[in-house]
Amino acid sequence: MFRLVLSLMAVIGLAACGADPKWASDAEVQAARFVAGPPTYITLYTVLNNTSNAGAHSAILVNASERVIFDPAGTWYHPRLPERNDVHFGMTDKMVAFYIDYHARKTFRVVEQKVFVTPEVAELVLARVKAYGAVPKAMCTRATSSVLRGVPGFESLPATLFPKQLSVEFGKLPGVTTKTITDDDDDNNHGVLLMQANGKPVEG
């Protein structure tokens, strides 16, 4: 029971997410649109607590006809990237690195799990993340697993609230490659966003 409570606290902790609807304009989304090109793939990002080993957050990067990240109820943002609910557009390699750097710190590590899929499957996942809507607090993994479940090749994934459980099951999919990213940044790490004296955020 204690482990269950600890896991729930971890999910609510770093993921500490709120259902704040956001809707960038068509012009903003189109201007930021980034096409990485083939091959098409889905990457699951899982944030784990280095002390308790409990899961804290889940998100998925979708490389289809454009590359976006579905960061349900997440706290990460970049001032140059438009967002529609929990979908961030314009995920270049640099922005993906920014995203990882924001989450990896002394007390948390990031597990990156990538699986290549057909263009049709990638487009289906892209459509599903765009249609999902704003995600309430602590529901990041529920949203992530809901998006993937039912998609061809991902039917075995559970509907779960727990990031670590989803990561373990995702790792069982054929062809998945896994990488763990660690960082010695302090816990007050704000990723790549620094504040100038005039209060405007810039890339760090």
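As a reminder, the structure under discussion sits directly above these lines.
Residues numbered from 1 in each chain as written. Predicted model: local features only at pLDDT ≥ 70, side-chain atom pairs only at ≥ 80, totals over all residues. Heavy atoms only, no water.

1. What to know about the overall build of the chain
Then step 1. A count of helical and extended segments in the chain gives six helices and nine strands.
Then step 2. By sequence separation, contacts in the chain at least 24 residues apart represent 68% of the contacts at least 6 residues apart.
Then step 3. A total of about 9800 Å² of accessible surface is found on the chain, and carbon and sulfur atoms cover 57% of it. (Helix = DSSP H or I, 4+ residues; strand = E, 2+ residues; numbered from the N terminus. Contact = heavy atoms within 4.5 Å. Areas by Shrake-Rupley, 256 points an atom, 1.4 Å probe, with all protein chains shown as cover.)

2. Structural notes on the packing of aromatic side chains
Then step 1. Evaluation of the coordinates by the stated rule reveals five aromatic pairs.
Then step 2. Here the aromatic cluster, defined as three or more aromatic residues joined through ring pairs, consists of Tyr45, Trp76 and Tyr99.
Then step 3. Over the ring of Tyr102 we find Arg105, and its NZ or CZ is 5.8 Å from the ring centre.
Then step 4. In this structure, Lys114 is placed above the aromatic ring of Tyr41, and the distance from its NZ or CZ to the ring centre is 4.3 Å. (Phe/Tyr/Trp six-rings, centres within 6.5 Å; stacked < 30°, edge-to-face > 60°. Lys NZ or Arg CZ within 6 Å of the ring centre and 35° of its normal.)

3. Section: the nonpolar core
Then step 1. Ranked by internal contacts, the top residues of the largest apolar core, which has 30 residues, are Ile42, Ile60, Val125, Val129, Phe154 and Phe170.
Then step 2. Listing elements by their share of this core, those giving two or more residues are strand E1 (41–49), strand E2 (55–63), strand E3 (67–70), strand E5 (87–89), helix H4 (119–132), helix H5 (140–148) and helix H6 (163–170).
Then step 3. Here this core takes five residues from H4, the largest share from any one element.
Then step 4. Grouped together as the second largest cluster of nonpolar side chains are 20 residues, Ala56, Ala59, Val96 and Val110 included. (Core = buried A, V, L, I, M, F, W, Y, C linked by side-chain atoms within 4.5 Å. Buried < 20%, exposed > 50% of the residue type's maximum accessible area, 1.4 Å probe, protein only.)

4. Here we look at the side chain of Asn85
Then step 1. Note on placement: Asn85 falls in the loop between strand E4 (83–84) and E5.
Then step 2. Setting aside its immediate chain neighbours within four residues, Asn85 contacts Pro21, Lys22, Trp23, Gly133 and Ala134.

5. As for the side chain of Arg109
Then step 1. Counting through the fold element by element, Arg109 comes out in strand E6 (residues 108–116).
Then step 2. Given the relative accessible area of 17%, Arg109 is considered buried.
Then step 3. At 2.2 Å, the side chain of Arg109 forms a polar contact with the side chain of Asn53. (Polar contact = N/O pair within 3.5 Å; in protein donor to acceptor, adjacent residues only side chain to side chain.)

6. Topic: the pattern of salt bridges
Then step 1. Counted according to the given criterion, the structure contains seven salt bridges.
Then step 2. Note that Glu83 is salt-bridged to Lys22, the shortest N-O span being 3.5 Å. Of this pair, Glu83 sits in strand E4 while Lys22 sits in the loop between helix H1 (2–13) and helix H2 (26–32), and the two are 61 residues apart along the sequence.
Then step 3. When its relative accessible area of 13% is taken as the criterion, Glu83 is described as buried.
Then step 4. Because the salt bridges share partners, they merge into one network encompassing Arg33, Glu66 and Lys130. (Salt bridge = Lys/Arg side-chain N within 4 Å of Asp/Glu carboxyl O.)

7. Section: the packing of H4 against H5
Then step 1. Axis separation between H4 and H5 bottoms out at 9 Å; the angle between their running directions is 140 degrees. Comparing the axis directions of H4 and H5 gives the class oblique. Considering the relative orientation of H4 and H5, their crossing is right-handed. Residue-level contacts link Val125, Arg128, Val129 and Tyr132 of H4 to Arg142, Ala143, Ser146, Val147 and Leu148 of H5.
Then step 2. Considered class by class, the residues forming the contact of H4 with H5 number six nonpolar, one polar and two charged. (Axes fitted to C-alpha atoms, helices over the stretch in contact; angles between N-to-C directions. Parallel < 35°, antiparallel > 145°, perpendicular 65-115°, else oblique. Left-handed = near helix turned anticlockwise from the far one by under 90°. Nonpolar A, V, L, I, M, F, W, Y, C, P; charged D, E, K, R; others polar.)

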